[in-house]
Amino acid sequence: MASSDSTAGSKMAEPRGEAAVARRIDPAREPGLSPEQRRLMAEVERVQRQRALQRRLRGRNALLGIGIGAVVLGIYGYTFYSVSQERFLDELEQEAEAARAWARDKSPAS
């Protein structure tokens, strides 16, 4: 029987010339598994799903962070640009100077 098992394994690997790959099994339908083996398989599958979820979330979080950073930098840059274009402080200063001049002109006349 040992020779038939070894030939069966080599027949699987021969058609492609690659190493045999683990086949996926359903633990509930596999008759030779103990409850402990089933529990261990379920735990390993849960950990693998968790890792895949973390990888996906890490990518999404990186994209979200880059997007938020780009928006913040855009607002920051636009604010600097628009403030440099505004002349309202110059206008206020001119109005204040005009008010001082008007006050000077009015005070000697009193």
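Under the annotation held in an unreviewed UniProt entry, the protein chain carries the name Cytochrome c oxidase assembly factor 3 and is attributed to Dromaius novaehollandiae.

Summing up the model confidence of the protein chain, the mean pLDDT is 79 and the portion of residues at 70 or higher is 78%. The lowest-confidence element of the protein chain is helix H1 (residues 2-13), averaging 47 in pLDDT; the highest-confidence one is helix H2 (residues 35-85), averaging 91. Under a pLDDT of 50 for its full length, residues 1-14 has, in the predicted model, two contacts with residues more than four places off or in other chains.

Bringing the pattern of salt bridges into the picture now. Applying the stated rule across the entire model yields five salt bridges. Here arginine 100 and glutamate 93 are joined by a salt bridge, their closest N and O atoms 3.7 Å apart. With a shortest N-O distance of 3.8 Å, arginine 104 and glutamate 97 are connected by a salt bridge. Judged by relative accessible area, arginine 104 falls into the partly exposed class, the value being 49%. Taken together, the shared-partner salt bridges connect Glu93, Glu97, Arg100 and Arg104 into one network.

Okay, the environment of serine 82 next. Relative to the elements of secondary structure, serine 82 occurs in helix H2. Look at serine 82 and you get buried, because its relative accessible area is 18%. One polar contact links the side chain of serine 82 to the main-chain carbonyl oxygen of threonine 79, over a distance of 3.1 Å.

What follows is about the UniProt feature "transmembrane region" (unreviewed entry) in the protein chain. Feature annotation in UniProt assigns "transmembrane region" (unreviewed entry) to the following positions: residues 61-81. For residues 61-81, helix accounts for 100% and strand for 0%, while the C-alpha atoms at its two ends are 30 Å apart.

Attention now moves to a nonpolar patch on the surface. On the surface, a nonpolar cluster with roughly 280 Å² of combined accessible area is contributed by Leu64, Ile68 and Val72. Within the secondary structure layout, isoleucine 68 lies in helix H2.

Calculation rules
Residues numbered from 1 in each chain as written. Predicted model: local features only at pLDDT ≥ 70, side-chain atom pairs only at ≥ 80, totals over all residues. Heavy atoms only, no water. pLDDT = per-residue confidence, 0-100. Helix = DSSP H or I, 4+ residues; strand = E, 2+ residues; numbered from the N terminus. Contact = heavy atoms within 4.5 Å. Salt bridge = Lys/Arg side-chain N within 4 Å of Asp/Glu carboxyl O. Buried < 20%, exposed > 50% of the residue type's maximum accessible area, 1.4 Å probe, protein only. Polar contact = N/O pair within 3.5 Å; in protein donor to acceptor, adjacent residues only side chain to side chain. UniProt positions renumbered as here; feature names shortened; annotations may be inferred. Patch = residues over 30% accessible without salt bridge, like charges linked within 9 Å, V, L, I, M, F, W, Y side chains within 5 Å. Areas by Shrake-Rupley, 256 points an atom, 1.4 Å probe, with all protein chains shown as cover.

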